[in-house]
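Here's the letter readout for the chains.
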Amino acid sequence: MITRSTDVNSVRKLLQKMSPPFALVPTMGALHEGHLELIRKARQKVGSSGTVIVSIFVNPIQFDKASDLENYPQPLSTDLALCERAGADLAFTPPKESLYHADHSVLIRESLLTKHLCGATRPGHFDGVLTVVLKLFNIFQPNYAIFGQKDFQQLALIQRMARDLNLSTTVIGHPTVRAPDGLALSSRNTHLTASERADAPRIHRALCAARDISHTGEQNPSIYLEVARKHLLMNPLESFTIDYLELVDAETLQPTPSVTKPSFLATACFYGKVRLIDHIVIPS
Ligand code: AMP
């Protein structure tokens, strides 16, 4: 039976009665198979006697658009049932007031890996992400924390924060979980209309088409970007727009001048107001 807590002090007390090692899976809820895979990976890491914690918190300070925050799906009772079925021991579901003082004024800011991709197009987003993740790490002091590679910039930033701030949590990435048609699972997919949902696998297809030219030994980034852009924009729906399409070095997340090291071809696209992200590794 899963235990639920909504309060920082009581969850700390609860944790004292639970057995280490601890693995944390931070989420914003509206759970899907991608999240559940992270929970299963957490269980694998801590074994049957360890403790798997899932946090479900729609973090207001990481939303750059109020409408996105207001419309974020929050099916809490279904989420709790899914967490339990996937093997979580403890669900932390705090209200905003439990995590943030009304006059909170300290933020974590990263200054290099945030320069491109979502960091450039969503100002302040990663300050909010890093701040809430550090708070969760401080509350739970987990041995492991599991994050999806789908949000590879977020994962890289959290690993950088763990390194640069000497955190003791081991940050683990898990591969992107996709629908059978290739679309990366996302809580936001439920906001797509039926025709948008049917069209959305074009994002993954476009990235795959660009990746497939790597076997020719092509090193020019603009060729990869052109191929992906062409596929993204081939007979698009009216609601479809590209937010960004970038090819970045897999380590530094800076635009790569030449594909001589593994790189990420990454995009964010809109269907109306619904923003979807995806990426693919371009081998060198
Ligand atoms: P979110 O609830 O969207 O903040 O995501 C919580 C965690 O689940 C993050 O670490 C995400 O990277 C991860 N995640 C979301 N979608 C997927 C997916 N399709 N595959 C793997 N991990 C995912």
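## Details of the packing of helix 10 (residues 202–211) against helix 11 (residues 221–232)
Here is step 1 of the chain: In the contact formed by helix 10 and helix 11, the axes pass within 8 Å of each other and the chain directions differ by 150 degrees. Taken together, the axes of helix 10 and helix 11 lie roughly antiparallel to each other. Between helix 10 and helix 11 the crossing geometry is right-handed. Mapping the contact onto sequence places R202, I203, A206, A209 and A210 in helix 10 and Y224, V227, A228, H231 and L232 in helix 11.
Here is step 2 of the chain: Looking at the contact of helix 10 with helix 11 residue by residue, the classes come out as 8 nonpolar, 1 polar and 1 charged.

## With respect to the sheet that holds strand 5 (residues 144–148)
Here is step 1 of the chain: One open sheet accounts for 6 strands, arranged 1-4-3-2-5-6; its pairing is parallel. The strands lining the two open edges of the sheet, one partner per strand, are strand 1 (3–5) and strand 6 (170–174). With strand direction ignored, the average angle separating the axes of adjacent strands in the sheet is 25 degrees.
Here is step 2 of the chain: Where strand 5 lies against strand 6, 5 bridges are found, and the strand directions are parallel. The residue of strand 6 that forms the bridge with A145 is V171.
Here is step 3 of the chain: Helix 4 (residues 76–86) rests against strand 1, strand 3 (51–56) and strand 4 (90–92) of the sheet, and its axis sits at about 165 degrees to strand 3.
Here is step 4 of the chain: Sheet contacts for helix 8 (residues 152–164): strand 5 and strand 6; angle to strand 6, the most-contacted strand, approximately 165 degrees.

## Focus on unusual backbone geometry
Here is step 1 of the chain: Looking along the chain, the bond that leaves P20 and enters P21 is cis, with omega of -5 degrees.
Here is step 2 of the chain: Mapped onto the elements of the fold, P21 is located in the loop between helix 1 (8–16) and strand 2 (22–27).
Here is step 3 of the chain: Phi angles above zero are rare outside glycine, and Q141 is one such case at about 45 degrees.
Here is step 4 of the chain: Phi angles above zero are rare outside glycine, and N235 is one such case at about 45 degrees.
Here is step 5 of the chain: Relative to the assigned elements, N235 resides in the loop between helix 11 and strand 7 (240–249).
Here is step 6 of the chain: Judged by its relative accessible area of 67%, N235 is exposed.

## Concerning helix 8
Here is step 1 of the chain: The end-to-end C-alpha separation of helix 8 is 18 Å, in line with the 18 Å expected for 13 residues at 1.5 Å each.
Here is step 2 of the chain: Regarding helix 8, the residues found buried are F152, Q153, Q154, L155, A156, L157, I158, M161 and A162.
Here is step 3 of the chain: N166 sits one or two residues past helix 8 and shows a positive phi near 55 degrees.

Reading the values: the criteria
In every chain, residue numbers begin from 1 and rise along the written sequence. At least 70 in pLDDT is required for a residue's local features to be given in this predicted model, at least 80 for side-chain atom pairs to be given and counted, and no such filter applies to totals for whole chains, interfaces and linings, which use all residues. Hydrogens and water molecules were not included; the side-chain quantities draw on all heavy atoms of the structure. Interaxial angles span 0 to 180 degrees and are taken between N-to-C directions of axes, which are lines fitted to C-alpha atoms, for helices over the stretch in contact. A run of H or I in DSSP becomes a helix once it reaches four residues, and a run of E becomes a strand once it reaches two; helices and strands are each numbered from the N terminus. Convention used here: angles under 35 degrees read as roughly parallel, angles over 145 as roughly antiparallel, angles from 65 to 115 as roughly perpendicular, and any remaining angle as oblique. Whether a crossing is left-handed or right-handed is set by the direction in which the near helix is turned from the far one by less than a right angle, anticlockwise for left-handed and clockwise for right-handed. Only heavy atoms matter for contacts: two residues are in contact if any of them lie within 4.5 Å across the pair. For this scheme, ten residues count as nonpolar: Ala, Val, Leu, Ile, Met, Phe, Trp, Tyr, Cys and Pro. Four count as charged, namely Asp, Glu, Lys and Arg, and the remainder, Gly too, count as polar. Pairing between strands is defined by DSSP: at least two bridges between them are needed. Between buried and exposed lies partly exposed: a residue is buried under 20% and exposed over 50% of the maximum accessible area for its type, with that area taken using a 1.4 Å probe on protein chains only. To estimate how far a helix should extend, the number of its residues minus one is multiplied by 1.5 Å.

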